[in-house]
Amino acid sequence: MMTTTTTTTVAIGTHGLAAETLKNIVLAGIGRVRVRDDGKNASSHTFGKDGNFLNVASDASEETSLAKAMVRTLEEMNPFATIEAENEVNMPLTDEEVEYYSQFDVVVACGFDYASSALINAKCRLAKCGFFVARASATSSSFFVDLGDAFEYISTGGSAAKDGEAVAPPQKETETFCAIDEAVTSSWSDIGKRASRLPAAMTVLWKFEQREKRAASDEDFERLRAEANARAAACGKPENFIADDALRVLLPAKIEIPAVNAIVGGILAQEVLKAVSHKGAPCANFFVFDCVSGQGSIQRLSA
């Protein structure tokens, strides 16, 4: 089993959810963290208007990469951490070879569309490194996890003993994950009446992005509605099994709610710690939180 002080994590993303996740990862003391802005932002001069509170420039006239600006703030939070910025990135993350991903124990990608997520996920699988992809909308944030076909971890043991019974000791267990391109075809047959519909709704958006090669918008809602009803019928579920609100709350937006990102960023960072330490049962394999219901949901998405 690895320790958090000897692992290397790369985080890609520049908005609020990435910032919250990075903050918690760095404060937890993961060995080495690399920050990459994927070459889409040449300057740090957004000054956190996109929810990225790590982007605090000391001099408005200073030209620096966004990743470097984020690293500077993270180093102030934990001077003992090893944090690096990937500067002068000349290609999208999706164009990197498998060898690039082999440098890392975990890759955390924030704000990527389905096509990019699937490609990064496939390369992470070949490189045998853990993969997390997260996204945020106006009122919700979520993440998908793939830690490989046989992820081994140490359970935390049983709950408190009753009537003098012994607590079950920690033991070695194995969890199976799938790639996102398998999760997108997840069946809804086993979704219970009280289970959240948001994970299933996310697969509708992923399927749309897979087919249309772009993100969905409000103008696409009727097409998403038809897709959701067709999927529901195929799984023996009633029409409108996925409510309109469940679809709308996941649509991409220009703004993010900091409080939602703080919650999901904290949980995502905790899952990254589990992935690198192999201690504690991991999230398998999709988590979503929305501020409308005020609840978070975990559901396994697999074919």
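Source: prediction; values computed, not measured.

Comments concerning the packing of helix α6 (residues 198-212) against helix α7 (residues 221-234)
Move 1: For the pair α6 and α7, the least separation of the axes is 10 Å and the interaxial angle reads 115 degrees. Judged by the twist between their axes, the crossing of α6 over α7 is right-handed. Residues Thr203, Val204, Leu205, Lys207, Phe208, Arg211 and Glu212 of α6 lie in contact with α7, whose contacting residues are Arg223, Leu224, Glu227, Ala228 and Arg231.
Move 2: For the contact of α6 with α7, the residue count by class is 5 nonpolar, 1 polar and 6 charged.

Section: the nonpolar core
Move 1: Counting 48 residues, the largest nonpolar core has Tyr101, Val107, Trp188, Trp206, Ile242 and Leu247 as the members making the most contacts within it.
Move 2: For Tyr101, the residues in contact, after removing those within four places along its chain, are Leu93, Thr94, Glu96, Val107, Ile120, Lys123, Cys124, Ala127 and Cys129.
Move 3: Core analysis: the second largest hydrophobic core is formed by 41 residues, Val106, Ala134, Phe151 and Phe289 among them.

A short note on the sheet that holds strand β1 (residues 8-12)
Sheets are built from strands paired through backbone hydrogen bonds, the pairs being either parallel or antiparallel.
Move 1: Overall, mixed pairing links the 8 strands, which are arranged β3-β2-β1-β4-β5-β6-β9-β10 in an open sheet. Each edge of the sheet is formed by a strand with only one pairing partner; in this case those strands are β3 (82-86) and β10 (295-299). For this sheet, the mean angle separating the axes of adjacent strands, direction not counted, is 15 degrees.
Move 2: Both strand β6 (residues 140-146) and strand β9 (residues 286-290) contribute to a ladder of 5 bridges, which runs antiparallel. Across the sheet, the residue bridging to Phe143 is Phe287, located in β9.
Move 3: Helix α1 (residues 16-28) contacts β1, β2 (32-36), β3, β4 (106-110), β5 (130-136) and β6 of the sheet and is inclined by roughly 165 degrees relative to β2.
Move 4: Lying on the sheet, helix α9 (residues 258-277) is in contact with β1, β4, β5, β6 and β9; it crosses β6 at an angle near 10 degrees.

Topic: the confidence of the model for the protein
Move 1: Scored by pLDDT, the protein has a mean of 85; 86% of the residues are at 70 or more.
Move 2: Highest mean pLDDT in the protein belongs to helix α4 (residues 114-127) (95); lowest belongs to β1 (79).
Move 3: Counting contacts from residues 1-5, a segment whose pLDDT is below 50, to residues more than four positions away or on other chains yields 20 contacts.

Some points on the packing of aromatic side chains
Move 1: Enumeration over the complete set of coordinates arrives at 9 aromatic pairs.
Move 2: Note on Tyr114 and Trp206: the rings are 6.4 Å apart at their centroids and 40 degrees apart in plane angle, and the pair reads as tilted. Within this pair, whereas Tyr114 is found in helix α4, its partner Trp206 is found in helix α6, the two being separated by 92 residues in sequence. The residues Tyr114 and Trp206 share a single accessibility class, namely buried.

Observations concerning α6
Move 1: Helix length check: α6 (15 residues) gives 21 Å between terminal C-alpha atoms against 21 Å at 1.5 Å per residue, within 8%.
Move 2: Across the 15 residues of α6, 11 count as buried, placing the element largely inside the fold.
Move 3: Among the residues of α6, Leu198, Pro199, Ala200, Ala201, Met202, Thr203, Val204, Leu205, Trp206, Phe208 and Glu209 are the ones counted as buried.
Move 4: Of the residues one or two after α6, Lys213 is the one with positive phi, at around 60 degrees.

A look at the environment of Ala150
Move 1: Secondary-structure assignment places Ala150 in the loop between β6 and β7 (151-154).
Move 2: A relative accessible area of 55% means that Ala150 is categorised as exposed.
Move 3: Expressed as a C-alpha distance, the spacing of Ala150 and Glu175, which sit 25 residues apart in the sequence, is 5.7 Å.
Move 4: Discounting residues that sit within four places of it in the chain, Ala150 has contacts with Thr174 and Glu175.

Thresholds applied
- Residues numbered from 1 in each chain as written.
- Predicted model: local features only at pLDDT ≥ 70, side-chain atom pairs only at ≥ 80, totals over all residues.
- Heavy atoms only, no water.
- Axes fitted to C-alpha atoms, helices over the stretch in contact; angles between N-to-C directions.
- Helix = DSSP H or I, 4+ residues; strand = E, 2+ residues; numbered from the N terminus.
- Left-handed = near helix turned anticlockwise from the far one by under 90°.
- Contact = heavy atoms within 4.5 Å.
- Nonpolar A, V, L, I, M, F, W, Y, C, P; charged D, E, K, R; others polar.
- Core = buried A, V, L, I, M, F, W, Y, C linked by side-chain atoms within 4.5 Å.
- Buried < 20%, exposed > 50% of the residue type's maximum accessible area, 1.4 Å probe, protein only.
- Pairing = 2+ DSSP bridges.
- pLDDT = per-residue confidence, 0-100.
- Phe/Tyr/Trp six-rings, centres within 6.5 Å; stacked < 30°, edge-to-face > 60°.
- Expected span 1.5 Å × (residues − 1).

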